[in-house]
Amino acid sequence: MLKEDANQLTSILTCKKDFPILQSKNRNKPLVYLDSASTAQKPHAVINALSHFYAHDYANIHRGIYELSERASVLYENVRVNVKRFINAKSEKEIVFLRGATEAINLIAQCYGRPQWQAGDEVIVSEMEHHSNIVPWLLLKEQIGIVLKVIPVSASGELDLDTYQTLFSARTKLVAVTHASNVLGTINPVNEMTAIAHAHSVPILIDGAQAVPHVAVDVAEIDCDFYVFSSHKMYGPSGIGVLYAKTKHLQNMPPYQGGGGMIETVSFNEVTFATIPQRFEAGTPDIAGVIAFGAALDYLTRIGMLSIYQHETSILNDAQAKLAMIPGLRMIGMAKNKVGVISFVLDHIHPHDVGTVLDHEGIAIRAGHHCAMPLMERFGLPATVRVSLGIYNNEKDIDALVEAIYLAKRLFD
Ligand code: PLP
């Protein structure tokens, strides 16, 4: 951690000032950023870590025999230990650095599934998955003929656990579900779902992309086999992601890609692979990105995941109460247990038109299918408006949002 960042007494109520972009304008109005489920903005601590590393510590890792390279390698590997601590994994060897949650799920499909599954084997997913937890399995469907079974979503936006229990068969090889929905905000009962999968001797992959920035995640307590997430939704750089996998799985999986950094020996006849996790990290990684991701984890730790959850829940409740008062506005998915994500539609106004009006008021939200077309189909909608919260949002942001929605209604109704 940089000295000046360590001295910052960041708290959840004052952290907005740590994000330089939040002091800027959008369409010449003060920026109100309500699109953190898409990607989160970056605090000075992360931006500084990135430039400090390039200015003072930059070299390739794991290869050089000079001090600078050794220092870069230690900084990089320290982040692995940091991630291990952040999600309470047993060992840093269970942490693989990849490009994002998407790459991590593809890795599981191609390195865990493809080598050992047959045509007719089954993967259970849910109706609320992001495309990145659907398409890798559809690729396997095309490649080897696996079958997808789908846990339905109720009208309130929750998974139907009774049906979940009936989906298991002798052919079930994996459950792959999201921890929190990027459209509805629903936090799924992953501990219970893991226990159910394990009672059927089936491993479980949890897509934590929308959970890990908002709630404390403990993979030992969940007891999941795989857990994936992305740095950029956690206030860290884009292009960095994490695959957590239990050692017993990682050790038995073939590598994802071949290249430098993942081998022990190479000849023209054969290759032997490095141990885990390096076996899955071919080529020069985004070294600076990983190190700045470490700064993001330190930043979140300093604020505290409990404070983050409590603050975001209070803003979420405030937002849901205010939106519920707007005539003609319908929120989609009102689960009891949610992260700060709200999807809604407005009578007679297309979500993209709502997005355009909000944009002109300085407000950044998302409108569309949110990479969850099957969920949109479930609710019979082509698109929704999605508001998503981060640590920096406050009641003033929600008031600006509500005012701009009334403006959209006046313009279009
Ligand atoms: N899973 C969920 C639930 C998401 O919301 C997203 C991105 O929005 C992803 C996976 C994919 O993350 P990435 O694009 O960082 O790989």
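This structure is a prediction, so every number in the text was calculated from the model and none was measured. (Residues numbered from 1 in each chain as written. Predicted model: local features only at pLDDT ≥ 70, side-chain atom pairs only at ≥ 80, totals over all residues. Heavy atoms only, no water.)

**Looking at the pattern of salt bridges**
Next up, step 1: Under the criterion given, the structure shown has 16 salt bridges.
Next up, step 2: Close ionic contact of D397 with K16 constitutes a salt bridge, the shortest N to O distance being 2.8 Å. You can see D397 sitting in helix α14 (residues 395-412) and its partner K16 sitting in the loop between α1 (3-7) and β1 (25-26), a full 381 residues away along the chain.
Next up, step 3: In this structure, a network of salt bridges that share partners links the residues D57, E67 and R71. (Salt bridge = Lys/Arg side-chain N within 4 Å of Asp/Glu carboxyl O. Helix = DSSP H or I, 4+ residues; strand = E, 2+ residues; numbered from the N terminus.)

**So, helix α7 (residues 190-199)**
Next up, step 1: Among all positions in α7, only V190, M193, T194, I196 and A197 are buried. Viewed along the axis of α7, the buried residues span an arc of 160°, placing them on a single side of the element.
Next up, step 2: Buried residues belonging to α7 abut β6 (147-151), α6 (161-166), β7 (172-178), β8 (204-207) and α8 (219-222).
Next up, step 3: At the C-terminal side of α7, S201 shows a positive phi close to 60°. (Buried < 20%, exposed > 50% of the residue type's maximum accessible area, 1.4 Å probe, protein only. Arc of directions from axis to C-beta. Contact = heavy atoms within 4.5 Å.)

**Examining unusual backbone geometry**
Next up, step 1: A cis amide bond links I276 to the next residue, P277, at an omega of 5°.
Next up, step 2: One can find P277 in the loop between β12 (271-273) and α10 (287-303).
Next up, step 3: With a phi close to 55°, R27 is a non-glycine residue in the positive phi region.
Next up, step 4: If you trace the backbone, R27 turns up in the loop between β1 and β2 (29-30).
Next up, step 5: For Y235, which is not a glycine, the phi torsion comes out positive at approximately 75°.

**Quick look at the sheet that holds strand β17 (residues 384-388)**
Next up, step 1: The four strands are arranged β13-β14-β17-β16 in an open sheet whose pairing can be described as antiparallel. Only two strands of the sheet have a single partner each, and these edge strands are β13 (329-332) and β16 (366-368). The mean angle between the axes of side-by-side strands here comes to 30°, regardless of whether they run parallel or antiparallel.
Next up, step 2: Pairing of strand β14 (residues 341-346) with β17 involves four bridges; the strand directions are antiparallel. Following the sheet pairing, I342 is matched in β17 by V387. (Pairing = 2+ DSSP bridges. Axes fitted to C-alpha atoms, helices over the stretch in contact; angles between N-to-C directions.)

**Concerning the side chain of D397**
Next up, step 1: By relative accessible area, D397 is classed as buried at 5%.
Next up, step 2: Within the structure, the side chain of D397 is placed 2.8 Å from the side chain of K16, a separation counted as a polar contact.
Next up, step 3: When neighbours within four sequence positions are excluded, D397 is seen to be in contact with K16, V32, L34 and Y392. (Polar contact = N/O pair within 3.5 Å; in protein donor to acceptor, adjacent residues only side chain to side chain.)

**Re the domain arrangement of the chain**
Next up, step 1: Taken as a whole, the chain is organised into domain 1 (50-301) and domain 2 (304-412).
Next up, step 2: Of note, the centres of domain 1 and domain 2, computed from C-alpha atoms alone, are 29 Å apart.
Next up, step 3: Every contact between the two is made by 31 residues of domain 1 and, on the other side, 31 residues of domain 2.
Next up, step 4: When the two sides are added together, the surface that domain 1 and domain 2 hide from each other amounts to roughly 2500 Å², 61% of it contributed by carbon and sulfur.
Next up, step 5: Across the pair K336 and E158 runs a salt bridge whose closest N-O atoms are separated by 3.8 Å.
Next up, step 6: In this assembly, domain 1 and domain 2 are joined by 17 residue pairs in polar contact (both at pLDDT 80 or more).
Next up, step 7: Top contributing element to the side of domain 1 that touches domain 2 by residue count: α10, with three residues.
Next up, step 8: Considered class by class, the residues forming the side of domain 1 that touches domain 2 number 16 nonpolar, twelve polar and three charged. (Domains from an automatic or database assignment. Buried area = accessible area lost by both parts, 1.4 Å probe. Nonpolar A, V, L, I, M, F, W, Y, C, P; charged D, E, K, R; others polar.)

**Here's the deal with the sheet that holds strand β5 (residues 122-126)**
Next up, step 1: On the basis of which strands lie adjacent, the open sheet formed by seven strands has the order β4-β10-β9-β8-β7-β5-β6 and mixed pairing. In the strand order of this sheet, the two ends are held by β4 (95-98) and β6, each with one partner. Neighbour to neighbour, the strand axes of the sheet diverge by 20° on average, direction disregarded.
Next up, step 2: In this sheet, strand β10 (residues 241-245) lies alongside β4 in antiparallel orientation, the contact comprising four bridges. Across the sheet, the residue bridging to F97 is V242, located in β10.
Next up, step 3: Together, β4, β9 (226-230) and β10 form the strand contacts of helix α3 (residues 67-87), whose direction differs from that of β4 by roughly 120°.
Next up, step 4: Of the strands in this sheet, β6, β7 and β8 are in contact with α7, which crosses β8 at around 160°.

**A word on a nonpolar patch on the surface**
Next up, step 1: Among the surface-exposed residues, I263, V266, V271 and F273 lie close enough to one another that they form a single nonpolar patch of about 310 Å² accessible area.
Next up, step 2: Contributing elements (two or more residues each) for the nonpolar patch: β11 (263-266) and β12.
Next up, step 3: Within the secondary structure layout, I263 lies in strand β11.
Next up, step 4: Since its relative accessible area comes to 32%, I263 is described here as partly exposed. (Patch = residues over 30% accessible without salt bridge, like charges linked within 9 Å, V, L, I, M, F, W, Y side chains within 5 Å. Areas by Shrake-Rupley, 256 points an atom, 1.4 Å probe, with all protein chains shown as cover.)

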